[in-house]
Amino acid sequence: MTIFEGDFSPPPGRFAVVVARFNAMVTEALLAGCLDSLRRHGVDDSRVDVAWVPGSFEIPLIARELAETGRYASVICLGCVIRGETGHYDHVAGQAAGGVLQAGLNAKVPVIFGVLTTESVEQALNRAGLKLGNKGGEAALAAIEMVNLLGRIKADAGSIEKLAR
Ligand code: INI
C-alpha cells in the first residue's frame, strides 16, 4: 500500500499570492501572515509574486491566469468577505470559492482558498492575526503541503511508468 502525504519541508518552485484590496486592513494582515509562513518554510520573497485585485470577486480570474502560466507551484488567494457589510455577501463569497476551485482544477495547480468569510469585522480581525491565528499563514501551509504532495504523486507515477516499460 502506498500512502501519499505532503509535508511542510521546503517546497520547490515559485508561489503567487492574489490579494483583494477590499477590507485591506484585514487582507494586508493575511498577506503578512502568508509571507511570514512561506519564509519560515524556506520560501524567501524572491520566489513569491503578489497580485492585488479590487475585491474577492475578482480573485478567481487572476488566480486562473497566474496558475495557467505554468510558472507557479501554487497560487494562494487571500480576501475577506464580511456578511454584516454587504447584501451580496453570498454572491461574492460563493463565487470567490467556486472560482478559486475552478482555477485550480483547470490549471492542475494547487490554488488555495484563503478568503475569510465572516459575520463581523471582529471575527475577521481575530482570524487575521489576533485571537484565532492568521488564516493567511494557514493558507501558505496548505499550499506547501499540496505542492509537496503533488510532487510525491508525480514522482511515484514517473517511477511506475519506468517499471511498466
Ligand atoms: N469584496 C470583498 O472582498 N469583501 C467584501 O466584503 C465585499 N463586500 O462587502 O461587498 C466585496 N465586494 C466587492 C467585490 O468583491 C467586487 O470587487 C465588486 O463587486 C466589483 O466586481
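A few points on the structure.

Definitions and limits used
- Residues numbered from 1 in each chain as written.
- Predicted model: local features only at pLDDT ≥ 70, side-chain atom pairs only at ≥ 80, totals over all residues.
- Heavy atoms only, no water.
- Buried < 20%, exposed > 50% of the residue type's maximum accessible area, 1.4 Å probe, protein only.
- Helix = DSSP H or I, 4+ residues; strand = E, 2+ residues; numbered from the N terminus.
- Pairing = 2+ DSSP bridges.
- Right-handed = clockwise from strand over helix to strand, strands pointing away.
- Polar contact = N/O pair within 3.5 Å; in protein donor to acceptor, adjacent residues only side chain to side chain.
- Axes fitted to C-alpha atoms, helices over the stretch in contact; angles between N-to-C directions.
- Contact = heavy atoms within 4.5 Å.

Attention now moves to the pairing of strand β1 (residues 14–20). Within β1, six of the seven residues are buried, which leaves it mostly tucked inside the rest of the structure. With six bridges joining them, β1 and strand β3 (residues 72–82) adopt parallel strand pairing. Following the sheet pairing, Val17 is matched in β3 by Ile76. Two elements, β1 and strand β2 (residues 48–53), share six bridges in a ladder whose sense is parallel. Directly across from Val19, in β2, lies its bridge partner Trp52. For the crossover that starts at β1, traverses helix α1 (residues 24–40) and ends in the parallel β2, the hand is right-handed.

Along the chain, Ser46 falls in the loop between α1 and β2. C-alpha separation for the pair Ser46 and Arg14, spaced 32 residues apart in sequence, amounts to 8.5 Å. Within the structure, the side chain of Ser46 is placed 2.4 Å from the side chain of Asp44, a separation counted as a polar contact.

Here the focus is the sheet that holds β1. Strand pairing in a sheet relies on backbone hydrogen bonds. The paired strands run either parallel or antiparallel. Pairing is parallel across the open sheet formed by four strands, whose spatial order is β2-β1-β3-β4. The outermost strands of the open sheet, each flanked by one partner alone, are β2 and β4 (111–118). Geometrically, the sheet is characterised by an average inter-axis angle of 15° between neighbouring strands, direction not taken into account. Packed on one face of the sheet, α1 meets β1, β2, β3 and β4 and runs near 150° to β3. Strands in contact with helix α3 (residues 89–107) are β3 and β4; relative to β4, the strand with the most contacts, it is inclined by about 170°.

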